Amino acid sequence: MAEQDARIERLLLRQEIADFLYREAELLDERRYREWLDLLADDIRYWMPMRRNIKFGEDEREFTRANSDINWFDEGKDTLVRRVKQIETGIHWAEEPRSRLSHLVTNVQVQRAEPSFAAPQEVSVSCRFLIYRNRVETETDILVGRREDSLRRNGAGWLLARRKIILDQNVLLSKNLTFFI
Amino acid sequence: MSAPINIRDLAPGTSVVLAGGAEAEIIDNPRDGIWLFARYLSSPRDPTLVGQEEMIFAQDVVAVGAAALGPGRL
Amino acid sequence: MAVNARQGYRPGLIDLRLGEISREIFVNEDVYAQEQERVFARAWLHVGHESQIPKPGDYFVSSMGEESVILCRDRTGRIHVFLNSCRHRGMKVCRYDEGSTTVFTCPYHGWSYGTDGRLVGVPHFREAYHSRLDKEKWGLVEVAQLCNYKGSIWATWDPAAPPFAEYLGDFARYLDLQLDGWDGREGQAEVLGGVQKWLVPCNWKFPAENFSGDTYHNISHRSVDLAGIGPSGASRRDMGERDASRKLHVCIPDRGHQTIHYVLPAGQMPPPAYLNAPIVAEYFRHCEEEKRRRRGEEARMVGAPGEIFPNTALLSRQPRTMAAWHPRGPHQTECWRWFFVDRDAPKEVKEFLRDYYIRYSGPAGMTEQDDMENWNYAHAASRGTIARRYPYNYDQGSGTAVTDYEYQGLKVPGEVIDLTEVQSSEQPMRNFYRRWAEFMEADDWSQLATWRVNERKAAE
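Definitions and limits used
Residues numbered from 1 in each chain as written. Chains lettered and ligands numbered in written order. Predicted model: local features only at pLDDT ≥ 70, side-chain atom pairs only at ≥ 80, totals over all residues. Heavy atoms only, no water. Helix = DSSP H or I, 4+ residues; strand = E, 2+ residues; numbered from the N terminus. Buried < 20%, exposed > 50% of the residue type's maximum accessible area, 1.4 Å probe, protein only. Contact = heavy atoms within 4.5 Å. Buried area = accessible area lost by both parts, 1.4 Å probe. Salt bridge = Lys/Arg side-chain N within 4 Å of Asp/Glu carboxyl O. Nonpolar A, V, L, I, M, F, W, Y, C, P; charged D, E, K, R; others polar. Pairing = 2+ DSSP bridges. Axes fitted to C-alpha atoms, helices over the stretch in contact; angles between N-to-C directions. Core = buried A, V, L, I, M, F, W, Y, C linked by side-chain atoms within 4.5 Å.

Peer 1: I'm lost on unusual backbone geometry in this one. Help?
Peer 2: Negative phi values dominate among residues other than glycine, just as trans dominates among peptide bonds. Going from glutamate 114 of chain A to proline 115 of chain A, the amide bond is cis rather than trans, its omega being -5 degrees. Here proline 115 of chain A is to be found in the loop between β3 (100-114) and β4 (122-135). A cis amide bond, omega -5 degrees, links glutamine 318 of chain C with the succeeding residue proline 319 of chain C. Non-glycine residue serine 235 of chain C carries a positive phi angle of around 55 degrees. Tracing the chain through its elements places serine 235 of chain C in the loop between α6 (222-227) and α7 (240-243). The phi angle at tyrosine 274 of chain C is positive, at roughly 60 degrees, despite the residue not being glycine. Along the chain, tyrosine 274 of chain C falls in the loop between β16 (257-263) and α8 (278-295). Taking relative accessible area as the criterion, tyrosine 274 of chain C reaches 7% and is therefore assigned buried.

Peer 1: Explain the interface of chain C and chain B here, please?
Peer 2: Buried accessible area, meaning the area lost when the parts come together, often serves as the stated size of an interface. At the junction of the two partners, chain C supplies 13 residues and chain B supplies twelve residues. Here chain C meets chain B over a buried area of about 850 Å², counting both sides, of which 64% is carbon and sulfur. For the pair chain C and chain B, the number of links is one salt bridge. The partner of arginine 126 of chain C in a salt bridge is glutamate 54 of chain B, and the shortest N-O contact between them spans 3.2 Å. Mapped onto the side of chain C that touches chain B, the elements with two or more residues apiece are β8 (103-105) and β10 (119-121) of chain C. Its residues placed into classes, the side of chain C that touches chain B shows six nonpolar, six polar and one charged.

Peer 1: Even after reading the chapter, I still don't get the sheet that holds β8 of chain C, so can you show me in this structure?
Peer 2: Two pairing modes exist for strands in a sheet, parallel and antiparallel, and in both the strands are linked by backbone hydrogen bonds. Residues and elements named next belong to chain C. An order of β8-β9-β10 is seen for the three strands of this open sheet, with the pairing classed as antiparallel. Looking at which strands have only one partner, the edges of the open sheet turn out to be β8 and β10. Between one strand axis and the next, the sheet turns through 40 degrees on average, direction left out of account. Direction of pairing for strand β9 (residues 112-114) relative to β10: antiparallel, over a ladder of two bridges. From the neighbouring strand, serine 112 faces β10, where its bridge partner is glycine 121.

Peer 1: Would you mind showing me how to read the nonpolar core here?
Peer 2: Nonpolar side chains tend to gather and get buried jointly when the protein is soluble and globular. Residues Leu177 and Ile181 of chain A together with Leu175, Tyr433 and Trp436 of chain C are the most contacted members of the largest nonpolar core, which totals 156 residues. With residues near it in sequence (within four places) discarded, leucine 177 of chain A still touches Met48, Trp72, Phe73, Arg83, Leu143 and Leu172 of chain A together with Pro363, Ala364 and Gln369 of chain C. If you look at the next biggest cluster of nonpolar residues, it comprises 17 residues, including Cys86, Phe104, Val122 and Leu140 of chain C.

The structure is reproduced here in structure tokens:
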């Protein structure tokens, strides 16, 4: 029975975390950016490294490093807030007219729950995403990759404390990254 | 006819046996799976090669390690 | 003017007298093809930085025009730039972005080249080639000339091109601002790890002319100014030093290089900057003092966007970055960005600047995003049959440049317009396209290196 209980705890937690990620995706897709910002911890780190084509066996060269290298994103809440502010000016031409976005979130796996799955305070979750961005007439981008998130308990809910985004691209195929991933 | 060998990860110092019966010691491995830099240790067909450093092509490597003596050797 | 879209380049597409430039130069397939021969095969192009290849065997795959090239350091420490294509059957001999190697081997038939480009490995050389292949003739194609200018690596395919320093002419001081230390020491720059590469659906000349010195497009960036990403929390950069300076357009006419530039008044330090980070603010204040001590009047020069013909963009100050606009057909550009810091700057300074650079420039950069939107749709709207009949207007400030500009004792060579009151001009674009037309029309460097004729005459 204990084993059954443990499995149920994991199942419930995974669903709860997946629900959080789906809700977060909906907020972004509905352009409810202020509510999305409220899901972010004040000390959030939002990081998307660049990827290199490297020789077999030289994996340490593949990703640009946080804090020291140039990345696509490597920022905290202040910058994320300013990105929202920029969109809200209504004159951020790269988002005017605004893009249509759909974030598909899948392959959700809770990797770790501390101190326990039954009463978690911090959760590490991985998932994969497919983001469809369509704007103006026919301009379309599809971004696919993996996220590694850390969530922190906040009352009955969660805050996003850390997001690492691993995009499956080398040369960025989109002309811009005006949207959140 | 010997099975193909992936030479990519052979360490310097390793001996290899070549088609034609020569033996060479790897000096440097560029790890491209296609070439080795090696010094000839023995070369029945062309003894002048002994001691020479040459680039060895992957297809010419038939065995790794010291050559077995006696029947069955190429 | 009626235009036959089937034709490629011809004189008249650039009309500097009227200040009009035909849209054909951006969207016409034949013009693009001719550019690859006339411009990219002959000019000096930026390839990378020596700090990307510090040790023998290190390599960085770059681009010259459309073509993939390998920037590498051979066993003796010498730097080379090679065409990334096997001489046998063309396969790329390196499909990694960067790394370290002893040889470049082609996976198709196994030909292998040393880091000095020499053909060293030929499978079955004795048997299939009967030892008759002349390996010396079949090494990797190497650029005709290479120049390491204060760490930045430049190359040209044209053996007849003037040496790089001559190619730069009086523009060298602006590249110096990019590469010299903030404290005035020479050549202190290093590249931060990670070169940004991204695709924009526009002709390469859109970004090239923008960085030549577009002083008219602040409205593009109004949203980022409002969001306040600057290092003191406002606007997109610290404006104090610019507000205190004369604002200039500086064009080197016979070279086709041009820049926005600011000159501080004599005896005046720039106002404090980087106020969001006291350590950084203090570091730059100290650097400014040192620069005054070392460089004297030259320390009054404040860098801003500029362009080295044809496709290398400079920005030496807030943010400090260089870009290359690689042509990928007439309708697409692959933008590459390198970001610089002084190699011995403190860690906190490098980290602060890095954060700033990322949120400013590149596809995730809140400033650059709006430029690219404009380039994208300006290009798209120019492809149509009717649109192509109507030239762009480049007439702003025509006829107002002077050649003897001086501000409180500091001379600025070139054709200069003081923008401080007039706000803006399009002199840099006229300068850029005049040079572009020269490249498209010239059969050889005797027609391009016109300064040599003038210098000879002056000497006589």
